[in-house]
Amino acid sequence: MYDKEISLVAQDGEKTGRLLAEFTGSDYTVHVTWGSLSSRHTAWNLFQALAQVRGDLEKYGLQPAVEGACIDVYPSRMALEMGGGRRAYHWAGGGRPVTVDIFDDVQVSDHARLASVNAQRTAHEQRQGNGNE
């Protein structure tokens, strides 16, 4: 499904990593490697597997520069159930969200949108509470 080079953002700069994502017939696996380290998680959808990998990366002070790691991106329940969590809504400013691929690259100028798993979940819950989803 995916095999791509990604940027891993840290306070002291960026590192290069490799992201692999695959579907094994019933589950999805996301695997990120950087240097001699790696994280691999399997879940019923790509977004959840990515979130688990992100949790591991956070322990090293790293955030993957992909749309699925941004504070203003979160999948709908339908995207999780019918699309395997590959696509999500990007809530840019006001108005209607746009659909993005969770593994699309985030440009350097947008790295401020990168967030922890918990911050992203909290922002999503706040949008739901405001009737935005």
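Colleague: Tell me about helix 1 (residues 46–58), and please be specific about residues and values.
Modeller: With 13 residues, helix 1 extends 18 Å between its outermost C-alpha atoms, agreeing within 8% with the 18 Å of an ideal straight helix rising 1.5 Å per residue. For helix 1, the full list of buried residues reads Leu46, Phe47, Ala49, Leu50, Ala51, Val53, Arg54 and Leu57. The backbone nitrogen of phenylalanine 47 has a side-chain oxygen 3.0 Å away, supplied by the residue at the start of helix 1, namely asparagine 45.

Colleague: Explain helix 3 (residues 117–129) to me, and be specific about the residues and the numbers.
Modeller: The end-to-end C-alpha distance of helix 3, which contains 13 residues, comes to 18 Å, matching closely the 18 Å that a straight helix rising 1.5 Å per residue would cover. Along helix 3, the residues that are buried comprise Val117, Gln120, Ala123, His124 and Arg127. The arc that holds every buried residue of helix 3, seen down its axis, measures 130°, which confines them to one face. Those residues of helix 3 that are exposed and aimed more than 90 degrees away from the buried face are Asn118, Gln126 and Gly129. Packing partners of the buried residues in helix 3 comprise helix 1 and strand 6 (73–74).

What counts, and where the lines are drawn
- Residues numbered from 1 in each chain as written.
- Predicted model: local features only at pLDDT ≥ 70, side-chain atom pairs only at ≥ 80, totals over all residues.
- Heavy atoms only, no water.
- Helix = DSSP H or I, 4+ residues; strand = E, 2+ residues; numbered from the N terminus.
- Expected span 1.5 Å × (residues − 1).
- Buried < 20%, exposed > 50% of the residue type's maximum accessible area, 1.4 Å probe, protein only.
- Polar contact = N/O pair within 3.5 Å; in protein donor to acceptor, adjacent residues only side chain to side chain.
- Arc of directions from axis to C-beta.
- Contact = heavy atoms within 4.5 Å.

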